Amino acid sequence: QVQLVASGGGLVQPGGSLRLSCAASGFTFSNYNMSWYRQAPEKERELVAVISTFGGMSNYLDSVKGRFTISRDNAKNTVYLQMNILKPEDTAVYYCKAFNGRVNYWGQGTQVTVSS
């Protein structure tokens, strides 16, 4: 069955870095665009970053541009989110999603907490 398993979250101080991973299985990973979303307490889920099937195109939420980088390794069926210069407002549960215009697959979230 389809699985998206996110990992790499944790507690980090402001200014620190984390690298999230999302390992996919049960579908043809290279046929799907991949994205990361986040949801902070009492806020709506928002799109953080998206990457095309072979990584040629990516886009970011304005507030993370220059700090976050999305990448993928189709040989490992994994998408990454490198997060640098983290801020308290980046605190949220982060989710990965695979999509192809017809189907959306969501992973479970991984908690990122930025606090001193």
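A separate point is the overall build of the chain. In terms of helices and strands, the chain carries 0 helices and 11 strands. Mapped from its N terminus to its C terminus, the chain presents α and β elements in the order β-β-β-β-β-β-β-β-β-β-β. Against the globule reference of 13 Å for 116 residues, the chain gives a C-alpha radius of gyration of 13 Å, in line with a compact fold. With respect to the three principal axes, the spread of C-alpha positions in the chain is 40 × 25 × 25 Å. Every one of the 116 residues in the chain was classed for burial, and the buried ones make up 40%. Here the contacts in the chain between residues at least 6 apart in sequence split such that 52% fall between residues at least 24 apart. As displayed, the chain has an accessible area near 6200 Å², and 47% of this comes from carbon and sulfur atoms. Averaging the coordinates of the 11 positive side-chain charges in the chain and doing the same for the 7 negative ones gives two points 8 Å apart.

Enumeration according to the criterion identifies 4 salt bridges in this entry. Put simply, Arg38 and Asp90 hold a salt bridge, and the shortest N to O gap is 2.9 Å. Here the residue Arg38 occupies a position in strand 4 (residues 33-39), and Asp90 occupies one in the loop between strand 8 (78-83) and strand 9 (92-99), the gap between them amounting to 52 residues. The salt bridge partner of Arg67 is Asp90, with a shortest N-O separation of 2.8 Å. With Arg67 in the loop between strand 6 (58-60) and strand 7 (68-73) and Asp90 in the loop between strand 8 and strand 9, this pair connects stretches of sequence that are 23 residues apart.

Time to look at the sheet that holds strand 1 (residues 3-7). Two modes of strand pairing occur in sheets, parallel and antiparallel, and in both the strands are linked by backbone hydrogen bonds. Strand order in the open sheet formed by 4 strands is 1-3-8-7, with antiparallel pairing between adjacent strands. Lying at the two open borders of the sheet, with one neighbouring strand each, are strand 1 and strand 7. On average, each strand axis in the sheet is inclined to that of its neighbour by 15 degrees, with strand direction left out of account. The pairing of strand 3 (residues 18-25) with strand 8 spans 6 bridges and is classified as antiparallel. Within strand 8, the position partnered with Leu18 by the bridge is Met83.

For the structure on display, the rule yields 1 disulfide. The disulfide partner of Cys22 is Cys96, and the S-S distance across this bridge is 2.0 Å. An S-S torsion of about 50 degrees defines the bridge between Cys22 and Cys96 as right-handed. On the criterion of sequence distance, the pair formed by Cys22 in strand 3 and Cys96 in strand 9 is long-range, its members being 74 residues apart. Each member of the pair, Cys22 together with Cys96, is buried.

Here is what the cut-offs are and how they apply
Residues numbered from 1 in each chain as written. Predicted model: local features only at pLDDT ≥ 70, side-chain atom pairs only at ≥ 80, totals over all residues. Heavy atoms only, no water. Helix = DSSP H or I, 4+ residues; strand = E, 2+ residues; numbered from the N terminus. Rg over C-alpha atoms; globule rule 2.2 N^0.38 Å. Buried < 20%, exposed > 50% of the residue type's maximum accessible area, 1.4 Å probe, protein only. Contact = heavy atoms within 4.5 Å. Areas by Shrake-Rupley, 256 points an atom, 1.4 Å probe, with all protein chains shown as cover. Lys, Arg positive; Asp, Glu negative; His and termini not counted. Charge placed at Lys NZ, Arg CZ, Asp CG, Glu CD. Salt bridge = Lys/Arg side-chain N within 4 Å of Asp/Glu carboxyl O. Pairing = 2+ DSSP bridges. Axes fitted to C-alpha atoms, helices over the stretch in contact; angles between N-to-C directions. Disulfide = S-S within 2.5 Å.

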